[in-house]
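Descriptive structure summary
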Amino acid sequence: AAELLQHSSPHFDVVLADAAVLGPDFSSQAACAVFEAAASCGTPVVLLMGGQQQHHSSTEQVMAAVQAGAADVLERPLCHSKLANLWQHTVRAS
């Protein structure tokens, strides 16, 4: 994802990333690369949390995600209204 952000044309509007892939505290090399690449091109990162293994995101996880650079955190399952809200408040605001 980081490489695509750095070398993409046209520009991406938002990065939707699975929090489970980026690691529990978002300090892995992959997570740092995604957040840095997104910040360098002004693209907000939105993390997806929850799912079958993890029923709800804890406050600590959400705070760690925001401190790492996430613009927003969405819980699964996603629905149309959550995505519309994401577009309205995260993508258009950036």
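Residues numbered from 1 in each chain as written. Predicted model: local features only at pLDDT ≥ 70, side-chain atom pairs only at ≥ 80, totals over all residues. Heavy atoms only, no water.

Averaged over every residue, the pLDDT of the protein is 81; residues scoring 70 or more account for 84%. Mean pLDDT across the elements of the protein ranges from a minimum in helix α1 (residues 2-6), with 75, to a maximum in strand β2 (residues 45-49), with 90. (pLDDT = per-residue confidence, 0-100. Helix = DSSP H or I, 4+ residues; strand = E, 2+ residues; numbered from the N terminus.)

Okay, the sheet that holds strand β3 (residues 72-75) next. Pairing in this open sheet of three strands is parallel, and the strands run β1-β2-β3 from one edge to the other. Unpaired on one side and paired on the other, β1 (15-18) and β3 mark the two borders of the sheet. Between one strand and the next, the sheet's axes are offset by a mean angle of 30°, whatever the strand orientation. Bridge count between β2 and β3: four bridges; the pairing is parallel. Across the sheet, Val-46 pairs through a bridge with Asp-72, a residue of β3. (Pairing = 2+ DSSP bridges. Axes fitted to C-alpha atoms, helices over the stretch in contact; angles between N-to-C directions.)

Here we come to the nonpolar core. Judged by nonpolar contacts, the single largest core of 18 residues is most densely connected at Leu-22, Phe-26, Phe-35, Val-45, Leu-47 and Ala-65. If you list the elements that add at least two residues to this core, you get α1, β1, α2 (19-22), α3 (29-40) and β2. Beyond its immediate stretch of four places on either side in the chain, Phe-35 contacts Phe-26, Val-45, Leu-47, Ala-65, Ala-68, Gly-69 and Ala-70. (Core = buried A, V, L, I, M, F, W, Y, C linked by side-chain atoms within 4.5 Å. Buried < 20%, exposed > 50% of the residue type's maximum accessible area, 1.4 Å probe, protein only. Contact = heavy atoms within 4.5 Å.)

Here the focus is the environment of Val-15. Position of Val-15 among the secondary structure elements: in strand β1. Residue Val-15 is classed as buried on the basis of its relative accessible area, which comes to 11%. With 20 residues separating them along the chain, Val-15 and Phe-35 place their C-alpha atoms 9.5 Å apart. Excluding its chain neighbours within four sequence positions, the residues that come into contact with Val-15 are Leu-5, Val-34, Thr-43, Pro-44, Val-45 and Val-46.

Turning our attention to the pattern of salt bridges. Tallying each qualifying case throughout the model produces one salt bridge. The partner of Arg-76 in a salt bridge is Asp-18, with the nearest N and O atoms 3.2 Å apart. Taken together, the positions of Arg-76 in the loop between β3 and α5 (80-91) and Asp-18 in strand β1 put the pair 58 residues apart, joining distant regions of the chain. According to the relative accessible area criterion, Arg-76 is partly exposed, its value standing at 28%. (Salt bridge = Lys/Arg side-chain N within 4 Å of Asp/Glu carboxyl O.)

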